[in-house]
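Structure at a glance
Given next are the chains, with one letter for each unit.
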Amino acid sequence: MAVLAGKDTRVICQGLTGRAATYHVARMVAYGTRLVAGVTPGRGGRRHLDLPVFDTVADAVAATGASASLVFVPPANAAAAMIEAIDAGIGLVVCVTERVPVLDMIRVRQKLAGSLTRLVGPNSQGVLVPGATQLGVMTTVNARRGTIGIASRSASLTSEVVAQTTAAGLGQSTTIGVGGDPVHGIGLAQCVSLFLDDPATEGIIMIGEIGGSDEEEAAALIEEMRPGKPIVALVVGRNAPPERRMGHAGALAAGKSGSAAAKIEVLREAGVRIAPRADLVGVTMRQALVS
Amino acid sequence: MNLHEFQAKELLAQFGLPIPRGRIGGSAGEAEAVARRLGFDRCVVKAQVHAGGRAANGGVRLAASPTQAGRIAAELIGRPLVTNQTGPAGQQVRWVYIEEAVEFSRSLYSAVVVDRSAGEVLLITGDHGDAGVMPRPGGAASPAACVKLRLSGDRVTGDFDGAASTYGLEPDVAALLAKRLAQLADAAVALDATMIEVSPLVLTQAGELVVLDAKVTVDDNALFRQSDLAALREASGFEDGDPVELAADRHQINYLKLNGDIGVVVNGAGLALATLDLLHEAGGRPANFMDIRTTATSLDIAYAFELIAANPRVRAVLVNVHGGGMQRCDTIADGIGIAVHRSGCAAPVVVRLAGNNAEFGAARLKSYGVPVIEAADMWEAAKRAAQLATRKAA
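Please read these numbers as outputs of a predicted model, since none were measured by experiment.

1. Regarding the sheet that holds strand β5 (residues 68–71) of chain A
All names here are of chain A.
- Taken together, 7 strands build an open sheet; the order of strands is β3-β4-β2-β1-β5-β6-β7 and the sheet is mixed. In this open sheet, the two edge strands, each paired with only one partner strand, are β3 (47–48) and β7 (118–120).
- Of the strand pairs in this sheet, strand β1 (residues 10–14) and β5 are connected by 4 bridges, and their pairing is parallel. Each bridged residue has a counterpart across the sheet, and for I12 the counterpart in β5 is S69.

This is the structure in structure tokens:
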């Protein structure tokens, strides 16, 4: 078991015929992901990576019964691709595209409201269910099937914490990158909620950073649910220069509410264990599980 | 991308928002000539910097004649202007905007901003509650009213009438305000602005609502479809920001200079923030923030490494890389190898490579003959770099 996806999830890739998609989808297929089709407008009827290519998501869904879509479309058309997937009733949309205009993401969010779709990203490394399926561009070298659910705003730190939980003998049930953009699909709170309902997940790790309110929203949810599973959080950016762009547009210290110290405080108050250092996340989770 | 006041106003005027007559000047002589040509007696001279708080700090001044406008311009141009939004060093004034003085009876606040947490576009309005010719410096807007806007394609809708009705204005003025707010929202969406702030929006004796000051921030991620704005930045030399950081940005590297003595090479913004935290914890002081983007090639990385090696304050370099699916350790190792071959590096280099192609990356570094101090994990690496920098400093 896992959350969002599993080894039987049938996946299409929007933008399959592009260069980056070609490279990463080949890796995903090798990992075991059930890629069933690609979508590239104007390329319908061809084959690419030995997969059928369709002009529209609706055509691809009708022909293959896919329930998940991986969006590999460049920024100019990424929002239109996400909206097309939402309109086609795709249950899970994972968008890895970086630098999507923020007003486009607001258009996507308005489309998401009331739909059946869960969106992961954009600017996300994706969703990984170790040993089962890979929907994204993350490295899988240190990932092992296990019991820890990881929800993260940072792709690089996810790789790091995956390695730490594997070294700690715990492994991962699912890893989810919510993406580094200010306006995105599911947030840390929704990931926590999914992991709490997942019998295969015994512990939850959240990786947050300065800026935004994902951590505060997760803290509010945890405070209310008082969950039985241990939750560990790492929040980075205590020593970031204030109010400057730090790579992710999302990583901005936007007022006091967005500071690392404030986030750590509300998470601690909600009963979340705070990893004292970035290299101690796996160890902190192992201690939390035995205590 | 931040726009200057004069650029913002010219753009807003294209959406129907009235702006006072005015022109830009780059010297005292130009400022005086502009005032004369436009037939101004009394006019306002405004320093063009990307920061608020200008009026309270002498950056916006009333001139009684073209001659005085020239004198004020001479005092402003070529000097830094320090306000509560510029930082202690201030921002260099290169241009002034000379604008007709507008008498007003009412002064309002309006803004269209992206609320990142809610994923919405908001229209915010308020009342400055002052009148006169010069807006009251630092005048706070109250009460702030907030209206959620709705985007569908290129159209934007919202309760502009409701927002306009909260200030006790005459019905015809309220109707005009609703129209102006709708124009502001149209402008925000058409320009891909993450923020447009018009403060103040003033009611003149003639019953018109005029944009007296405007700040616009355009979404950098949308510049591909705002080619006029992108060209404005490239061509006019109005680009803001540190030239070294902007050059790094063109090499797919997010780089910020800091005050410490440990150069930092990291891939990914989250890991980069974590590395700064670890260095501080270990008693070290980072000389920079670095996030090597997934799109950076080994030559881009070499460029970034040379920035660090060329910084005379750097006493040690910490390379903390976790190879991901898109940026692998060997690419970064190649970048470092190329840089050290090309330009050398006097400071000791502590390296921690993990994740995708970590061993291959370490082998690449060896094959370049780069002398490195290897560390098993990122805490060991941070401690070692901090020790080396301290020892060198002593």
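2. Things to note about unusual backbone geometry
- A cis amide bond links A:G121 with the next residue in sequence, A:P122, at an omega value of 10°.
- The residue A:P122 is located in the loop between β7 and β8 (126–129) in this model.
- Cis geometry marks the peptide bond from B:S199 to B:P200; its omega dihedral reads 5°.
- Tracing the backbone through its elements, the reader meets B:P200 in strand β12 (residues 193–204).
- Although it is not a glycine, A:R99 sits at a positive phi angle of roughly 70°.
- In this fold, A:R99 is placed in the loop between β6 (92–95) and α4 (102–112).
- Judged by its relative accessible area of 36%, A:R99 is partly exposed.
- With a phi close to 45°, A:R226 is a non-glycine residue in the positive phi region.

3. A closer look at the domain arrangement of chain B
- Structurally, chain B comprises domain 1 (1–19 + 102–241), domain 2 (21–101) and domain 3 (243–393).
- The straight-line distance from the C-alpha centre of domain 2 of chain B to that of domain 3 of chain B is 44 Å.

4. A closer look at the interface of chain A and chain B
- Taken together, the contact between chain A and chain B spans 56 residues of the former and 55 residues of the latter.
- With both sides pooled, the region where chain A packs onto chain B buries about 4300 Å², and carbon together with sulfur makes up 55% of that total.
- The three residues of chain A that bury the most area against chain B are A:L103, A:Q110 and A:N239, which together make up 14% of that side's buried surface.
- Along the contact surface separating chain A from chain B lie 3 salt bridges.
- Salt-bridge contacts for B:D277 lead to A:R238; the nearest nitrogen and oxygen are separated by 3.9 Å.
- For the interface between chain A and chain B, the tally reads 13 residue pairs in polar contact (both at pLDDT 80 or more).
- Of all elements in the fold, only α1 (19–31), α3 (75–87), α4, α5 (155–167) and β13 (231–236) of chain A reach the threshold of two or more residues within the side of chain A that touches chain B.
- The class makeup of the residues in the side of chain A that touches chain B is 25 nonpolar, 16 polar and 15 charged.

5. What about the domain arrangement of chain A?
All names here are of chain A.
- Considered domain by domain, chain A is made up of domain 1 (10–120) and domain 2 (141–290).
- The straight-line distance from the C-alpha centre of domain 1 to that of domain 2 is 27 Å.
- Facing 8 residues of domain 1, the contacting portion of domain 2 comprises 8 residues.
- Carbon and sulfur atoms make up 62% of the area that domain 1 and domain 2 hide from each other, which totals about 790 Å².
- Looking only at domain 1, the three residues that lose the most surface to domain 2 are R109, R118 and V120, adding up to 48% of its buried area.
- Here domain 1 and domain 2 share 0 salt bridges between them.
- Run the count over domain 1 and domain 2 and you get 2 residue pairs in polar contact (both at pLDDT 80 or more).
- Only α4 and β7 provide two or more residues apiece to the side of domain 1 that touches domain 2.
- If you tally residues by element for the side of domain 1 that touches domain 2, the top one is α4, at 4 residues.
- A class-by-class count of the residues in the side of domain 1 that touches domain 2 yields 6 nonpolar, no polar and 2 charged.

6. Focus: helix α3 (residues 66–76) of chain B
All names here are of chain B.
- Along α3, the residues classified as buried are P66, A69, G70, I72, A73 and L76. Each buried residue of α3 lies within a common arc of 165° when the element is viewed along its axis, so the set occupies one face.
- If you follow the buried residues of α3, they end up packed against α2 (28–37), β3 (43–47), β4 (60–63) and β7 (96–100).
- Just downstream of α3 lies G78, where phi reads positive at about 85°.

7. Structural notes on the nonpolar core
- Core analysis: the biggest nonpolar cluster contains 93 residues, and A:I205 and A:M206 have the highest contact counts within it.
- Take this core: its biggest share by element is 8 residues, from helix α12 (residues 378–393) of chain B.
- Filtering out sequence-adjacent residues up to four positions away, A:I205 remains in contact with A:I148, A:G149, A:I150, A:A151, A:V161, A:T165, A:V232, A:V281 and A:M285.
- Judged by nonpolar contacts, the second largest core, of 72 residues, contains A:F54, A:A60, A:L103 and B:V114.

Cut-offs used in this document
- Residues numbered from 1 in each chain as written.
- Chains lettered and ligands numbered in written order.
- Predicted model: local features only at pLDDT ≥ 70, side-chain atom pairs only at ≥ 80, totals over all residues.
- Heavy atoms only, no water.
- Pairing = 2+ DSSP bridges.
- Helix = DSSP H or I, 4+ residues; strand = E, 2+ residues; numbered from the N terminus.
- Buried < 20%, exposed > 50% of the residue type's maximum accessible area, 1.4 Å probe, protein only.
- Domains from an automatic or database assignment.
- Contact = heavy atoms within 4.5 Å.
- Buried area = accessible area lost by both parts, 1.4 Å probe.
- Salt bridge = Lys/Arg side-chain N within 4 Å of Asp/Glu carboxyl O.
- Polar contact = N/O pair within 3.5 Å; in protein donor to acceptor, adjacent residues only side chain to side chain.
- Nonpolar A, V, L, I, M, F, W, Y, C, P; charged D, E, K, R; others polar.
- Arc of directions from axis to C-beta.
- Core = buried A, V, L, I, M, F, W, Y, C linked by side-chain atoms within 4.5 Å.

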